[in-house]
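Structure at a glance
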Amino acid sequence: MFKKNLAIAILLPMVSFAQSDLQNVLKGGELLLSGLTIFKVAKSTPKEDSKVIESVCVKNKLVDKITFRITGKNEEGDDIKKELVIQKDGKECLYVLPKGIYTYEVVLPNKDIYKKGEYKFDEEVIITIKDD
């Protein structure tokens, strides 16, 4: 009985000490996460008057790599041409793209055009290319 009480008396201060440190760590982690959440919310609010899109991403779900090409014009009339090479099951993004209507082409490795069309880019978007 004496050994059991002695073991409890020795371990009790260590357990309570560890809990107070653990509580401090948890509270600090809560503060850090809430701070990061605020930054994320502040960053993700879209700017209504912005003339650019923060990001346009393209995912490739086909069996081979693809080339995604877009062409368009900005407000000054300058040509905009962008090209992404996306590996199988990959994702690539364009950043700070002027808003507007663009023509796009999805080109296969053998240079065949898989898809072609027009798209109005006016907000952030993720485009997934997959078999129909």
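Here, every reference points to the structure presented above.
The present account deals with the structure reproduced in this document. Everything numeric here is computed off the predicted structure, so don't read it as measured data.

A short note on the sheet that holds strand β7 (residues 125-129)
Strand pairing within a sheet occurs via backbone hydrogen bonds; the two strands may be parallel or antiparallel. One open sheet accounts for three strands, arranged β4-β1-β7; its pairing is mixed. Looking at which strands have only one partner, the edges of the open sheet turn out to be β4 (91-98) and β7. Between one strand and the next, the sheet's axes are offset by a mean angle of 20°, whatever the strand orientation. Inspection of the sheet shows strand β1 (residues 52-60) paired to β4 by seven bridges, in the antiparallel sense. Bridging across to β4, Val52 finds its partner in Pro98.

Some details on the sheet that holds strand β6 (residues 113-121)
Strand order in the open sheet made by the four strands is β3-β2-β5-β6, with antiparallel pairing throughout. The sheet terminates laterally at β3 (79-86) and β6, the two strands that pair on one side only. Mean inter-strand twist for the sheet, computed between neighbouring axes without regard to direction, equals 15°. The pairing of strand β2 (residues 66-73) with β3 spans eight bridges and is antiparallel. The partner of Ile66 across the bridge, within β3, is Ile86.

Topic: the state of the cysteines
Using the criterion set out here, one finds one disulfide in the structure. Through a disulfide, Cys57 is tied to Cys93; the S-S separation comes to 2.0 Å. Measuring handedness by torsion sign, the sulfur bridge of Cys57 and Cys93 sits at about 105° and is right-handed. Here Cys57 is found in strand β1, whereas its partner Cys93 is found in strand β4, with 36 residues between them in sequence. Each member of the pair, Cys57 as well as Cys93, is classed as buried.

What counts, and at which threshold
- Residues numbered from 1 in each chain as written.
- Predicted model: local features only at pLDDT ≥ 70, side-chain atom pairs only at ≥ 80, totals over all residues.
- Heavy atoms only, no water.
- Pairing = 2+ DSSP bridges.
- Helix = DSSP H or I, 4+ residues; strand = E, 2+ residues; numbered from the N terminus.
- Axes fitted to C-alpha atoms, helices over the stretch in contact; angles between N-to-C directions.
- Disulfide = S-S within 2.5 Å.
- Buried < 20%, exposed > 50% of the residue type's maximum accessible area, 1.4 Å probe, protein only.

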